[in-house]
Amino acid sequence: GQQVQQSPASLVLQEGENAELQCNFSSTATQLQWFYQSPGGSLVSLLSNPSGTKHTGRLTSTTVTKERRSSLHISSSQTTDSGTYLCAIDDNYAQGLTFGLGTRVSVFP
Amino acid sequence: EAAVTQSPRSKVAVTGGKVTLSCHQTNNHDYMYWYRQDTGHGLRLIHYSYVADSTEKGDIPDGYKASRPSQENFSLILELASLSQTAVYFCASGTGVYEQYFGPGTRLTVL
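Residues numbered from 1 in each chain as written. Chains lettered and ligands numbered in written order. Predicted model: local features only at pLDDT ≥ 70, side-chain atom pairs only at ≥ 80, totals over all residues. Heavy atoms only, no water.

## So, the overall build of chain A
Inclusion rule: Secondary structure counts use DSSP, requiring at least four H or I residues in a row for a helix and at least two E residues in a row for a strand, with both numbered from the N terminus. Here the globule rule is a power law, 2.2 Å times the number of residues to the power 0.38, and the radius of gyration is based on C-alpha atoms. Any residue under 20% of the maximum accessible area for its type is buried, any over 50% is exposed, and the rest in between are partly exposed; the area is computed with a 1.4 Å probe on protein chains only. Only the protein chains shown count as cover for residues, with accessible areas throughout obtained via the Shrake-Rupley method and a probe of 1.4 Å.
When you go through chain A residue by residue, the secondary structure sums to zero helices and 11 strands. The secondary structure elements of chain A, listed N-terminal to C-terminal, are β-β-β-β-β-β-β-β-β-β-β. Over its C-alpha atoms chain A spans a radius of gyration of 13 Å, differing by no more than 12% from the 13 Å that the globule rule assigns to 109 residues. Seen through its principal axes, chain A has C-alpha atoms that stretch 40 × 25 × 20 Å. Per-residue burial for chain A yields a buried fraction of 47% across its 109 residues. When the accessible surface of chain A is split by element, carbon and sulfur atoms take 48% of a total near 5100 Å².

## Re the interface of chain A and chain B
Threshold: Contact between two residues is taken to exist if any of their heavy atoms lie within 4.5 Å; hydrogens are not considered. Two parts placed together each lose some accessible area under a 1.4 Å probe, and the buried area is that loss summed for both. We define a salt bridge as a contact between a side-chain nitrogen of Lys or Arg and a carboxyl oxygen of Asp or Glu at a distance within 4 Å. Two N or O atoms count as a polar contact when they lie within 3.5 Å, although within protein this holds only if one can serve as hydrogen donor and the other as acceptor, and sequence-adjacent residues are included solely when both atoms are side-chain atoms. The classification used treats Ala, Val, Leu, Ile, Met, Phe, Trp, Tyr, Cys and Pro as nonpolar, Asp, Glu, Lys and Arg as charged, and all other residues, Gly among them, as polar.
Contacts between the two partners involve 16 residues from chain A and, on the opposite side, 17 residues from chain B. For the pairing of chain A and chain B, the buried interface totals around 1400 Å² over both sides, and the portion due to carbon and sulfur atoms is 54%. Our count for the contact surface shared by chain A and chain B stands at zero salt bridges. At the surface where chain A touches chain B, the tally comes to three residue pairs in polar contact (both at pLDDT 80 or more). Taken together, the residues of the side of chain A that touches chain B break down into eight nonpolar, eight polar and no charged.

Dropping the structure here:
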């Protein structure tokens with residue numbers, strides 16, 4: 001089945017620094033979503049980006065479908081960005097997402 | 001207004017008991033999903049549905065049943081709860097083409 005690998009597993013930043021999170025997947029994705037999971041556990045969809053480049057606020061996602069990889073760039077990090085970032089793939093048209101284990105980001109002032 | 005709600009938000013159950021987790025969406029989405037999250041495994045798909053009165057098995061359906069009585073409602077049923085089913089359960093809805101939207105989660109502890 002589909003496998004999703006995220007790197008790094010964890011990341012420590014000083015406020016204001018930029019970060020790049022990676023997601024690699026084993027088969028073609030019909031949908032790719034990046035999520036933020038807060039320390040309290042709630043899940044928020046950040047971006048839906050199965051191909052190309054998308055921006056929202058300080059976040060930029062670039063997905064290269066042929067190479068089966070996606071990245072999430074966080075610019076000018078803030079302490080409120082602390083949490084876990086999850087990459088998820090749908091490879092079979094709406095039959096559910098396969099998630100990576102996430103990258104835990106800690107931003108300190 | 002929250003578009004995907006779950007109840008209860010937390011529950012303690014006894015081994016062998018029956019547990020029902022409920023999910024309600026106001027997104028008018030056809031697709032609904034149940035996932036569980038465990039440390040070390042991440043989120044995994046249990047069951048999903050693309051139309052009322054029909055459900056499909058996901059990646060880890062054993063020990064779980066699902067029910068979709070209407071477009072808005074999707075339940076997850078544990079007929080005989082076991083210790084290994086202690087986890088956080090998330091419900092989601094989607095159009096099938098674009099992104100999925102998740103509920104706040106239900107923390108289930110089986111003792």
